[in-house]
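# Secondary and tertiary structure notes
Each chain, letter by letter, is given below.
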Amino acid sequence: MERAPLESLLVRHLTAELGDAATARRFAAVLMEEALSWRAPTVPVAAVREIAAFTFGNRMLPSGNREPGPVNEALAVVAVRLQAATGARIWAQWEVAEAIGGRVPSDRLVPIYPARAADAEPRYLGTGGVVDAILAREPAGLGTVAVVALRDHAWRCVRICRRRGLDAGMPEGWPMPESYDPDSGQPWTRDRLTYLLHDLHCRALDRRDDMDG
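First things first, this report covers the structure right here in the doc. None of these values were measured; they are calculated from a predicted model. (Residues numbered from 1 in each chain as written. Predicted model: local features only at pLDDT ≥ 70, side-chain atom pairs only at ≥ 80, totals over all residues. Heavy atoms only, no water.)

### Looking at the overall build of the protein chain
Our working definition: Think of it this way: any DSSP run of H or I at least four residues long counts as a helix, any run of E at least two long counts as a strand, and we number them from the N terminus. Based on C-alpha atoms, the radius of gyration is set beside the globule rule, defined as 2.2 Å times the residue count to the power 0.38. Burial status follows relative accessibility: with a 1.4 Å probe on protein chains alone, a residue under 20% of its type maximum counts as buried, one over 50% as exposed, and anything between as partly exposed. Contacts: residue pairs with any heavy atoms within 4.5 Å of one another. Only the protein chains shown count as covering a residue, and every accessible area follows the Shrake-Rupley method with a 1.4 Å probe. His residues and chain termini do not enter the charge count, which takes Lys and Arg as positive and Asp and Glu as negative. Every charge is mapped onto a representative atom, which is NZ of Lys, CZ of Arg, CG of Asp or CD of Glu.
The helix and strand tally for the protein chain stands at seven helices and eight strands. Here the protein chain has a C-alpha radius of gyration of 19 Å; the compact-globule value for 213 residues is 17 Å, and the two agree. In terms of principal-axis extent, the alpha carbons of the protein chain reach across some 60 × 40 × 30 Å. The 213 residues of the protein chain split such that 44% are buried. Contacts spanning at least 24 positions in sequence make up 66% of the contacts within the protein chain whose residues lie at least 6 apart. On the protein chain, roughly 11,200 Å² of surface is accessible, and the fraction owed to carbon and sulfur atoms is 53%. The averaged location of the 28 negative side-chain charges in the protein chain is 3 Å from the averaged location of its 26 positive side-chain charges.

### Considering the pattern of salt bridges
Put simply, the test is: By definition here, a salt bridge exists when the distance from a side-chain nitrogen of Lys or Arg to a carboxyl oxygen of Asp or Glu is within 4 Å.
Going through the model one piece at a time under the given rule, you end up with 16 salt bridges. Close ionic contact of Arg-207 with Glu-34 constitutes a salt bridge, the shortest N to O distance being 2.9 Å. Of this pair, Arg-207 sits in helix H7 (residues 192–212) while Glu-34 sits in helix H2 (residues 21–34), placing them 173 residues apart in sequence. The same class applies to Arg-207 as to Glu-34, namely buried. The residue Arg-59 makes a salt bridge to Asp-181 at a minimum N-O spacing of 2.7 Å. Of this pair, Arg-59 sits in strand E3 (residues 59–60) while Asp-181 sits in the loop between strand E8 (167–171) and H7, and the two are 122 residues apart along the sequence. When its relative accessible area of 6% is taken as the criterion, Asp-181 is described as buried. Ionic contacts of the salt-bridge type, sharing partners, join the residues Glu-33, Glu-34, Arg-159, Arg-163, Asp-206 and Arg-207 into one network.

### A word on the packing of aromatic side chains
Applied cut-off: Here a pair means two rings of Phe, Tyr or Trp (six-membered ring of Trp) with centres within 6.5 Å. Their orientation is stacked below 30 degrees between planes, edge-to-face above 60, and tilted elsewhere. Counted as over-ring charges are cases with an Arg CZ or a Lys NZ within 6 Å of the ring centre that also lie within 35 degrees of the ring normal.
Taken as a whole and assessed by the stated rule, the structure comprises three aromatic pairs. Between Phe-56 and Tyr-195 the ring centres are 4.8 Å apart and the planes differ by 70°, which places this aromatic pair in the edge-to-face class. Remark: Tyr-195 occurs in helix H7 and Phe-56 occurs in the loop between strand E2 (50–53) and E3; sequence separation between them is 139 residues. By relative accessible area, Phe-56 is classed as buried at 4%. Through a chain of ring-to-ring contacts, the aromatic side chains of Phe-56, Tyr-180 and Tyr-195 assemble into a single cluster. Between Arg-203 and the ring centre of Trp-38, over which it is positioned, the NZ or CZ distance is 3.9 Å.

Structure below.
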């Protein structure tokens with residue numbers, strides 16, 4: 001269904017449910033973006049100057065240590081291929097960076113690690129935190145940024161990059177990994193429906209915070 005007819009149906013439905021046409025129109029517009037959009041905007045590969053690779057889950061070892069796991073290994077494969085095609089520098093969340101290893105020149109890979117708590121445990125590093133860490137190192141800007149992320153995570157990755165001022169998008173014509181790891185150390189990344197609900201939660205919080213601001 002085209003966007004306009006679907007949004008009109010949502011407005012009609014929400015007006016009946018809420019009894020408030022003005023709020024229904026605003027809420028329908030939010031739902032179209034935050035709940036019903038999953039195909040991320042793209043950028044031409046020829047324009048790419050930097051790559052931002054975002055982790056998805058990990059594997060917990062019996063020792064309590066973490067390793068990348070199969071999804072991040074698949075993301076690393078895409079990042080390495082894209083780097084070879086563009087010569088761009090890769091900014092990679094640490095699980096993807098570790099999976100990349102020595103497959104790209106050291107000056108073309110910038111790992112992004114989480115901060116450590118007082119007990120030396122890594123603090124959770126979310127998608128926005130990765131972008132903030134990149135911008136802290138390159139505050140003047142990066143040029144066009146190709147995002148590498150699990151397909152279902154990609155829309156939010158691009159949106160966060162753009163909200164922070166980056167010219168970012170998925171590399172046009174490059175499919176992203178879609179499979180989930182049922183043994184992931186992060187429960188919300190083990191299956192698709194659970195993750196989609198998690199992503200909706202994150203989007204809703206972002207939107208609420210923007211409205212509060």
